[in-house]
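Below are the chains, spelled out letter by letter.
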Amino acid sequence: MTRHICLHGAESTGKSTLAPRLALRLGGLVVPEYGRTYAEAHGTEFDEVDLLAIFDGHRAATAAALAEQPDWLVSDTDPLMTQAWAIMLLGRRLPEIDAWTGVADLYLVPAMDLPWEEDGTRLFGSDLARHQFMDVAIGELERRQLPWAWIEGEGDARIDHAVAAIAAAGLM
């Protein structure tokens, strides 16, 4: 049975760096952030059609990874982050994402303790916008009453904290 961990939260918190390192530590597979791939190909002026395409991309990539039946799957975000984007950008929820049920076993939320880095796909760089986006992202987890843990630190300490949170959740 695959144990599924998802990295979740505001932009520029180290999710895309943490995901492959955590998967390596656990001996699992990574599902890269589909929204980043989409933004690099199509730009960042997202509307509902774009967000639903990202939602579909997340689901397809996760299904393909789960078909390999790994012991561990680490997702660099999932459709719940796409819903957070919808709230931030459109001011409303997307019903298709609200109906989605393929949630992870545990969500790890990296703290905003790393400096902001612009990479051409990020939109919420001010302190106010970052905090608002983080609040919306955590709100999505709490609305669904999903298990999540806050992850702090840099480098190996961040990975160690992630592994400790996974163990504390009883997944190891």
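The structure this text deals with has already been given above.
Residues numbered from 1 in each chain as written. Predicted model: local features only at pLDDT ≥ 70, side-chain atom pairs only at ≥ 80, totals over all residues. Heavy atoms only, no water.

Here we look at the sheet that holds strand β4 (residues 106–110)
Then comes step 1: Read from one edge to the other, the open sheet built from five strands follows the order β2-β3-β1-β4-β5, with strand pairing classed as parallel. Each edge of the open sheet carries a strand with a single partner, namely β2 (29–31) and β5 (148–151). Geometrically, the sheet is characterised by an average inter-axis angle of 25° between neighbouring strands, direction not taken into account.
Then comes step 2: The pairing of β4 with β5 spans four bridges and is parallel. Of the residues in β5, the one forming a bridge with Leu108 is Ala149.
Then comes step 3: The sheet strands contacting helix α3 (residues 48–67) are β1 (3–7), β2 and β3 (72–76), and the helix crosses β3 at an angle near 165°. (Pairing = 2+ DSSP bridges. Helix = DSSP H or I, 4+ residues; strand = E, 2+ residues; numbered from the N terminus. Axes fitted to C-alpha atoms, helices over the stretch in contact; angles between N-to-C directions. Contact = heavy atoms within 4.5 Å.)

Re helix α7 (residues 155–168)
Then comes step 1: Helix length check: α7 (14 residues) gives 20 Å between terminal C-alpha atoms against 20 Å at 1.5 Å per residue, within 8%.
Then comes step 2: The set of residues buried in α7 consists of Arg158, Ile159, Ala162, Val163, Ala165 and Ile166. Seen along its axis, α7 keeps its buried residues to an arc of 160°; they face one direction.
Then comes step 3: Where α7 is buried, its residues contact β1, α1 (15–26), β3, β4 and β5.
Then comes step 4: Just beyond α7, the residue with positive phi is Gly170, at close to 80°. (Expected span 1.5 Å × (residues − 1). Buried < 20%, exposed > 50% of the residue type's maximum accessible area, 1.4 Å probe, protein only. Arc of directions from axis to C-beta.)

A closer look at the pairing of β3
Then comes step 1: Of all the five residues making up β3, five are buried; the element is thus mostly covered by neighbouring parts of the structure.
Then comes step 2: The alternating pattern of β3 places Trp72, Val74 and Asp76 on one face and Leu73 and Ser75 on the opposite face, and all of these are buried.
Then comes step 3: Bridge count for β1 against β3 is five bridges, and the pairing is parallel. Within β3, the residue paired with Arg3 across the bridge is Trp72.
Then comes step 4: Sheet topology places β2 next to β3; three bridges connect them, and they run parallel. By the bridge assignment for β3, Val30 is matched with Val74.

Re the side chain of Glu33
Then comes step 1: With respect to the secondary-structure elements, Glu33 resides in the loop between β2 and α2 (34–42).
Then comes step 2: Discounting chain neighbours no more than four positions away, the residues touching Glu33 are Ser16, Asp76 and Thr77.

Quick notes on the environment of Leu171
Then comes step 1: As for its placement among the helices and strands, Leu171 is situated in the segment after α7.
Then comes step 2: If we ignore the near neighbours within four places in the chain, the residues touching Leu171 are Arg3, Ile5, Trp72, Asp105, Leu106 and Ile166.

As for α3
Then comes step 1: Taking 1.5 Å per residue as the helical rise, α3 with its 20 residues ought to reach 28 Å, and the 29 Å between its terminal C-alpha atoms agrees with that figure.
Then comes step 2: Within the sequence span of α3, burial applies to Asp50, Leu51, Leu52, Ile54, Phe55, Gly57, His58, Thr62 and Ala65.
Then comes step 3: Its buried side turned inward, α3 meets β1, β2, α2, β3, α4 (79–90) and α5 (95–98).
Then comes step 4: With a side-chain oxygen lying 3.1 Å from the backbone nitrogen of Val49, the N-terminal cap of α3 falls on Asp47.
Then comes step 5: Once α3 ends, the next one or two residues include Gln69, with phi positive near 55°. (Polar contact = N/O pair within 3.5 Å; in protein donor to acceptor, adjacent residues only side chain to side chain.)

Focus: the pattern of salt bridges
Once their charged atoms are close, side chains differing in charge can pair, the charge on each being opposite to the other.
Then comes step 1: Counted according to the given criterion, the structure contains nine salt bridges.
Then comes step 2: For the salt bridge of Arg25 with Asp160, the shortest nitrogen-to-oxygen distance reads 2.9 Å. Within this pair, whereas Arg25 is found in helix α1, its partner Asp160 is found in helix α7, the two being separated by 135 residues in sequence.
Then comes step 3: With a relative accessible area of 43%, Arg25 lands in the partly exposed category.
Then comes step 4: A relative accessible area of 39% places Asp160 in the partly exposed class.
Then comes step 5: Between Glu33 and Arg36 there is a salt bridge, with its nearest N and O atoms 3.4 Å apart. Per residue, the accessibility class of Glu33 equals that of Arg36, and both read buried.
Then comes step 6: Connected through salt bridges with shared partners, the residues Arg93, Asp98, Glu140 and Arg143 form a single ionic network. (Salt bridge = Lys/Arg side-chain N within 4 Å of Asp/Glu carboxyl O.)

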